[in-house]
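# Structural description and commentary
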Amino acid sequence: NAGVTQTPKFQVLKTGQSMTLQCAQDMNHNSMYWYRQDPGMGLRLIYYSASEGTTDKGEVPNGYNVSRLNKREFSLRLESAAPSQTSVYFCASSGNAGGTEAFFGQGTRLTVV
Amino acid sequence: QKEVEQDPGPLSVPEGAIVSLNCTYSNSAFQYFMWYRQYSRKGPELLMYTYSSGNKEDGRFTAQVDKSSKYISLFIRDSQPSDSATYLCAIVNDYKLSFGAGTTVTVRA
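Here the structure is a predicted model, which is why all the values come from computation and not from measurement.

Calculation rules
- Residues numbered from 1 in each chain as written.
- Chains lettered and ligands numbered in written order.
- Predicted model: local features only at pLDDT ≥ 70, side-chain atom pairs only at ≥ 80, totals over all residues.
- Heavy atoms only, no water.
- Buried < 20%, exposed > 50% of the residue type's maximum accessible area, 1.4 Å probe, protein only.
- Helix = DSSP H or I, 4+ residues; strand = E, 2+ residues; numbered from the N terminus.
- Pairing = 2+ DSSP bridges.
- 1 Å grid on protein atoms, 1.4 Å probe; cavity = no way out; pocket = protein on both sides within 12 Å on 5 of 7 lines; lining within 4 Å.
- Points joined across faces, edges and corners; volume = space filled by probe spheres on them.
- Nonpolar A, V, L, I, M, F, W, Y, C, P; charged D, E, K, R; others polar.
- Polar contact = N/O pair within 3.5 Å; in protein donor to acceptor, adjacent residues only side chain to side chain.
- Contact = heavy atoms within 4.5 Å.
- Disulfide = S-S within 2.5 Å.
- Buried area = accessible area lost by both parts, 1.4 Å probe.
- Salt bridge = Lys/Arg side-chain N within 4 Å of Asp/Glu carboxyl O.
- Axes fitted to C-alpha atoms, helices over the stretch in contact; angles between N-to-C directions.

## Here we look at the pairing of strand S4 (residues 31-38) of chain A
Residue and element names in this part refer to chain A.
- Taken across its eight residues, S4 has eight buried, putting it largely inside the fold.
- Side chains Ser31, Tyr33, Tyr35 and Gln37 of S4 all project onto a buried face; the interleaved residues Met32, Trp34, Arg36 and Asp38 project onto the opposite face, where all are buried too.
- Here seven bridges tie S4 to strand S9 (residues 87-94), and the two strands are oriented antiparallel to one another. Each bridged residue has a counterpart across the sheet, and for tyrosine 33 the counterpart in S9 is alanine 92.
- Alignment of S4 against strand S5 (residues 42-49), held across seven bridges, turns out to be antiparallel.

Written out as structure tokens, the structure is:
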């Protein structure tokens, strides 16, 4: 009963390096989301995918790209990491069109030095 | 203006107290209102959601929506140390969830 699985759980990058955060869900959900969480800022939406084959920008998309590889997988790529991207990243999925119940992964703690 | 605003607290209460958490939202067209709970170093999990206005109760938890003042509330009765967590309010806007900043609650034994 995995739900939403994120890899890696922790990562340290140097400024300018690139990396991809992986997310997979096994609940046959149509919608998937990437959020970042910073102290005092709550969860902010980076990108989302309402269904397989579509992606859209959220509140803070700059510096990120996404790929909806198939219905199960939604990856987030940092092309050239910056210290401002130090954060905890959460992937989520939702099965209903309104997104009222989203299931979250355990998060990836990313530090950019 | 953010779609949903929440006082980040923190809030510290003795065991058995009533915890009251509040958020305001900006757009009267919003219909779905949610509360998520997040334990330290974990992902958020859905606690309750309400549609439109009124109250919804689930055990010790009550969610309330006042659409006239664009105010949503969560009450926790008979609070327990296991309720210590960050509570985030959220609204659905155009198939996306927008979250408040979260209020960190500590229930002291």
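Having seen the model, we can carry on.
## Here we look at the layout of surface pockets
- In this structure, the largest pocket spans a volume of roughly 600 Å³.
- Around the largest pocket, the lining is made up of 25 residues, and of these Gln37, Val88 and Arg109 of chain A together with Gln38 and Arg41 of chain B lie nearest the centre.
- Breaking the lining of the largest pocket down by element, the ones donating at least two residues are S4 and S9 of chain A together with strand S9 (85-93) of chain B.
- In terms of residue count, S9 of chain A provides more of the lining of the largest pocket than any other element does, three residues in total.
- Grouping the amino acids of the lining of the largest pocket by side-chain chemistry returns nine nonpolar, eleven polar and five charged.

## Some thoughts on the side chain of aspartate 38 of chain A
Residue and element names in this part refer to chain A.
- Note on placement: aspartate 38 falls in strand S4.
- There is a polar contact of 2.8 Å between the side chain of aspartate 38 and the side chain of arginine 44.
- If we ignore the near neighbours within four places in the chain, the residues touching aspartate 38 are Arg44, Thr86 and Ser87.

## Here's the deal with the state of the cysteines
Residues and elements named next belong to chain A.
- Taken as a whole and judged by the stated rule, the model has two disulfides over all chains.
- Residue cysteine 23 pairs covalently with cysteine 91 via a disulfide, S to S 1.9 Å. Its S-S torsion of approximately -75 degrees makes the covalent link between cysteine 23 and cysteine 91 left-handed. Of this pair, cysteine 23 sits in strand S3 (residues 19-25) while cysteine 91 is found in strand S9, placing the two residues 68 residues apart along the sequence. The residues cysteine 23 and cysteine 91 share a single accessibility class, namely buried.

## What to know about the interface of chain A and chain B
- Contact with chain A, which involves 21 residues of that partner, is made by 19 residues of chain B.
- Carbon and sulfur atoms supply 56% of the area that chain A and chain B bury against each other, a total of about 1700 Å² over both sides.
- At the surface where chain A touches chain B, the tally comes to zero salt bridges.
- Along the contact surface separating chain A from chain B lie three residue pairs in polar contact (both at pLDDT 80 or more).
- The set of elements that each furnish at least two residues to the side of chain A that touches chain B consists of S4, S5 and strand S10 (102-104) of chain A.
- The class makeup of the residues in the side of chain A that touches chain B is eleven nonpolar, eight polar and two charged.

## Some words on the sheet that holds strand S8 (residues 71-76) of chain B
All names here are of chain B.
- The strand order S1-S3-S8-S7-S6 describes an open sheet built from five strands, whose pairing is antiparallel. Of all strands in the sheet, those with a lone pairing partner are strand S1 (4-6) and strand S6 (54-58), marking the two edges. Direction aside, neighbouring strands of the sheet carry axes that sit 20 degrees apart on average.
- With six bridges joining them, strand S7 (residues 61-66) and S8 adopt antiparallel strand pairing. In the sheet register, valine 65 faces S8, and the bridge partner there is isoleucine 72.

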